[in-house]
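If you want the building blocks of each chain, they are given just below.
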Amino acid sequence: MTRTRADDYEDKKATILDKAAALIARKGFDQATMQDVAKACGTSKSHIYHYFPSKEDLLYAIVHDHITRQAEELVRIVEQPLPAEARFQQFVESFMQGAARERDEHIILMNDLKYLPRAELKTIRSLESSMTELLNGLLEEINPGLMETARVRKPYALLLFGMMIWTFSWYRPSGDIGPKELAARISHLFVHGFKAGDALAALSSPPAPSPSSKAPAARSS
């Protein structure tokens with residue numbers, strides 16, 4: 001006979017994910033045990049295994065739920081009928097607010113993906129790549145001339161994601177600058193620097209020869 005799922009199954013699962021995320025973010029995936037998770041949830045280890053057959057399944061659920069929520073919101077923002085810069089600002093704000101709101105999950109995404117089995121890791125990397133492409137599209141709208149150069153297209157998006165993602169290795173939302181203000185400062189810094197990107201073309205050109213290199217070599221007498 002198939003076991004009937006309890007009405008509060010999803011609520012209990014969400015509670016386990018929240019408690020486990022806080023624990024793993026603090027201790028690290030390699031140090032946290034399923035017994036630790038059970039203790040944090042005030043339940044038994046067998047109860048945790050009922051929801052998540054392994055610690056790796058628990059890790060995958062934490063990061064997959066987190067990044068899926070982010071990706072769905074970013075798709076919604078990008079598809080709005082608004083100017084590219086307005087959507088870009090919303091994109092950055094949404095990412096920063098989400099990372100601040102779910103800081104434990106974000107820290108785990110930064111530090112513990114290496115413990116995922118290969119198939120699950122591939123799924124997470126695919127979601128990350130889709131978010132990078134969304135951002136690439138916005139940057140191309142803001143400055144199509146700069147983004148038409150294939151070799152710099154991806155680095156610009158990754159530079160911004162790197163700035164946003166690793167900010168949370170030191171940033172605390174309870175500090176002097178809240179997530180909304182921080183997002184606005186990041187957007188302003190990046191967009192206004194990005195608009196001046198055409199001036200960086202000189203960095204891609206080979207250096208002009210110095211006058212001395214053009215002069216014929218002196219004859220020895």
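Residues numbered from 1 in each chain as written. Predicted model: local features only at pLDDT ≥ 70, side-chain atom pairs only at ≥ 80, totals over all residues. Heavy atoms only, no water.

(A) Representation of the overall build of the protein chain within the structure. A count of helices and strands for the protein chain gives 12 helices and 0 strands. Overall, the protein chain shows an N-to-C arrangement of helices and strands of α-α-α-α-α-α-α-α-α-α-α-α. Out of the 221 residues in the protein chain, the part that is buried amounts to 37%. As presented, the protein chain carries roughly 13300 Å² of accessible surface, and 54% of it is formed by carbon and sulfur atoms. (Helix = DSSP H or I, 4+ residues; strand = E, 2+ residues; numbered from the N terminus. Buried < 20%, exposed > 50% of the residue type's maximum accessible area, 1.4 Å probe, protein only. Areas by Shrake-Rupley, 256 points an atom, 1.4 Å probe, with all protein chains shown as cover.)

(B) A look at the layout of surface pockets. Put simply, the largest pocket is a space of about 420 Å³. Lining the largest pocket we find 18 residues, and of these Leu109, Arg125, Glu128, Phe161 and Ile165 sit closest to its centre. Mapped onto the lining of the largest pocket, the elements with two or more residues apiece are α4 (55-78), α6 (103-111), α7 (118-142) and α9 (150-167). Tallied by class, residues from the lining of the largest pocket come to 10 nonpolar, 5 polar and 3 charged. (1 Å grid on protein atoms, 1.4 Å probe; cavity = no way out; pocket = protein on both sides within 12 Å on 5 of 7 lines; lining within 4 Å. Points joined across faces, edges and corners; volume = space filled by probe spheres on them. Nonpolar A, V, L, I, M, F, W, Y, C, P; charged D, E, K, R; others polar.)

(C) Spatial organisation of the confidence of the model for the protein chain. Overall, the prediction assigns the protein chain a mean pLDDT of 85, with 84% of residues at 70 or greater. Here residues 213-221 is a poorly scored stretch, pLDDT under 50, and it has 1 contact once near neighbours within four places are set aside; other chains count. (pLDDT = per-residue confidence, 0-100. Contact = heavy atoms within 4.5 Å.)

(D) Just the nonpolar core, in detail. Counting 59 residues, the largest nonpolar core has Leu58, Phe88 and Met96 as its most contacted members. In terms of residue count, α4 provides more of this core than any other element does, 10 residues in total. Ignoring anything within four residues of it in the chain, the contact list for methionine 96 reads Met164, Thr167, Phe168, Pro179, Leu182, Ala183 and Ile186. (Core = buried A, V, L, I, M, F, W, Y, C linked by side-chain atoms within 4.5 Å.)

(E) Inspection of the pattern of salt bridges at higher detail. Counting across every chain of the model gives 8 salt bridges. Note that aspartate 8 is salt-bridged to lysine 12, the shortest N-O span being 3.4 Å. With relative accessibility at 31%, the residue aspartate 8 sits in the partly exposed group. Between glutamate 102 and arginine 69 there is a salt bridge; the shortest N-O distance is 3.0 Å. (Salt bridge = Lys/Arg side-chain N within 4 Å of Asp/Glu carboxyl O.)

(F) Geometry of the side chain of glutamine 70. Following the sequence through the fold, glutamine 70 ends up in helix α4. Excluding its chain neighbours within four sequence positions, the residues that come into contact with glutamine 70 are Phe95, Gly98, Ala99 and Met131.

(G) How the structure looks around the side chain of aspartate 112. Counting through the fold element by element, aspartate 112 comes out in the loop between α6 and α7. It is lysine 114 that comes nearest to the buried, bridge-free aspartate 112 among opposite-charge side chains, at 4.7 Å. Apart from the residues lying within four places of it in its own chain, the contact partners of aspartate 112 are Ile24, Gly28, Phe29 and Leu59. (Lys, Arg positive; Asp, Glu negative; His and termini not counted.)

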